[in-house]
Amino acid sequence: MTVLSGGTVVTMDPRRRVLEDGAVAFSPASGYLLAVGPSTQLRADYPTAELVDCTGRIVLPGFVNTHTHLFQTLLKGLGDDRALADWFTAMTGPSAVELTEEDCYAAALHGCAEALTTGTTTLVDFMYVHPRPGLGDAVVAAMEEVGIRAVMARGYVTAGADVGVPAELVQTLDGALADAQRLIDRWNRPGSRVRIGLAPCMSWTVDAATLRETRALADATAALVTMHLAESPFDITEAQRRFGMRDVPFAATTGLLGPDLLAVHCVQCDEHDIDLLATHDAKVSHNPCSNLYLGSGIAPIPQMQRRGITVGLASDGPASSSNHSMLQAMKFAALIHKGALRDAEIMTAEKALEMATIDGAAALGMQDVIGSLEPGKRADVVVAELSSLCLTPLHQPVSALVYSARGDEVDRVYVDGQLVVRGGAPVLVNPSEVMQRSAAAASALTHRAGTAALARRPWRSMIVS
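My aim in this report is to walk through the structure given alongside it, one point at a time. (Residues numbered from 1 in each chain as written. Predicted model: local features only at pLDDT ≥ 70, side-chain atom pairs only at ≥ 80, totals over all residues. Heavy atoms only, no water.)

Once that is clear, we can look at the pairing of strand β3 (residues 33-38). One face of the sheet, then the other: side chains in a regular strand alternate in exactly this way. Relative to β3, strand β2 (residues 18-26) runs antiparallel, the two being bridged by five bridges. Among the inter-strand pairings, F26 is bridged to a residue of β3, identified as L33. (Pairing = 2+ DSSP bridges. Helix = DSSP H or I, 4+ residues; strand = E, 2+ residues; numbered from the N terminus.)

Attention now goes to the nonpolar core. Ranked by internal contacts, the top residues of the largest apolar core, which has 138 residues, are F63, M143, I148, L277, M304, M330 and L353. Looking at this core, the element that brings in the most residues is helix α3 (residues 101-117), giving 10 residues. What I148 contacts, discounting residues up to four positions off in sequence, is C112, A115, L116, T120, T121, T122, L123, M143, R193, V194 and V415. Membership of the second largest hydrophobic core comes to 16 residues, among which are V9, V36, Y414 and L419. (Core = buried A, V, L, I, M, F, W, Y, C linked by side-chain atoms within 4.5 Å. Buried < 20%, exposed > 50% of the residue type's maximum accessible area, 1.4 Å probe, protein only. Contact = heavy atoms within 4.5 Å.)

Time to look at the packing of aromatic side chains. Evaluated as defined, the whole model comprises six aromatic pairs. Their ring planes at 5 degrees and their centres at 3.7 Å tell us that F243 and F250 sit as a pair that is stacked. Since its relative accessible area comes to 21%, F243 is described here as partly exposed. With relative accessibility at 4%, the residue F250 sits in the buried group. (Phe/Tyr/Trp six-rings, centres within 6.5 Å; stacked < 30°, edge-to-face > 60°.)

Turning our attention to the pattern of salt bridges. Counting across every chain of the model gives 34 salt bridges. Between R182 and D137 there is a salt bridge whose closest N-O contact spans 2.8 Å. With R182 in helix α5 (residues 173-187) and D137 in helix α4 (residues 135-146), the pair connects residues that are 45 residues apart, well separated along the chain. Of the residues examined, D137 reaches a relative accessible area of 22% and is grouped as partly exposed. Each of D137, R154, D179, R182 and R186 takes part in one network of salt bridges that share partners. (Salt bridge = Lys/Arg side-chain N within 4 Å of Asp/Glu carboxyl O.)

With that settled, consider the state of the cysteines. Going through the model one piece at a time under the given rule, you end up with zero disulfides. No disulfide involves C104; its sulfur sits 12 Å from the nearest other cysteine sulfur, which is in C112. For the unlinked cysteine C289, the closest cysteine sulfur is that of C266, found at 17 Å. For C289, a relative accessible area of 10% gives the class buried. (Disulfide = S-S within 2.5 Å.)

So, in structure tokens, the structure goes:
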């Protein structure tokens, strides 16, 4: 038994209780939260428990990152200052073609360790590139080793050669779904910490049959479905060229939209798109850092939330966000809508934290399992320091976490009641070895892909016209 005692406990429960001098009790053996309440009460109720002093710290549910690409951990900084289509064809696509099992394992191990040390306990890896067999298995192996909760969304590209998708990334639909079924059969078991989802990539890399068959497999297996939708203007113009309509209506005509669909980005959504998402109870993954990095725009998140659409938060892959930090994503999510809509009240720090925790859990259909500190849920818990120069003087802990945190405040992380981060460092893997392995893989990959020059690009100042 473990009791985290004396901290500021932000429960994210239905009443959004914040407990000063609060405590959380859980069983490492079962992985379940047992009690949340005043420190004095829980210390008395569990007198033989391991007691962890959390004085001066915030205790909260682990963050839920609803969208990333772990393989892109090896691509940080190579695609700076490019629009999405150019970013993909000049850097990401050529790199993806050369991926090996070792690359994917090293990238996922590094990415998951990084995510854990910044407070993420659950993530969705949108693994859409499979130039050779076994890459999804390598990702899952790394997830298991580092101790994170995750969905490895087995993605696929079944079209798009005409717009620059490398031929090596285009798979047959039957082959992609057969591999997805194999992984689902292996991993989607009761109690499994890592599960498999389905991820048709984006509208200009699939066809109608791909989305219809995805829907059929999802219905048969109860697997999560996720897809990039309305991310950039190119997505919209290409969908109109290919299908005679925007990509969200196209997805609707195939039957893909539903409560189990996690629509990623949705930056270019218009009112009709939002109507369709709301009507079908589809969920949305908001990726503010990536959307700004690629110049895609700002998603109409407040409008979606007013329509009752569940919106989770995400980092996106490090090739377009440069890290897996949900602390950074929360601050951007809390700020950009204020500036875009010139309304300081349109998004709050509290709502940003909701999107990173309980709303993210709901976006994955896991709100009864994770996302808040409540007895009976899994013990996915983060303990973060509140005593740094950046966060003090401290008036409001949630505000400090969202607006003031640097990103290195996370001290302890538990997943299923197991300690996976201590003193800000991963417990189950050696961080130095993880970084050495990913650095070697990243260097070799840039040379095989012909992208090494992007790391040695000349200085580029802003062009003034």
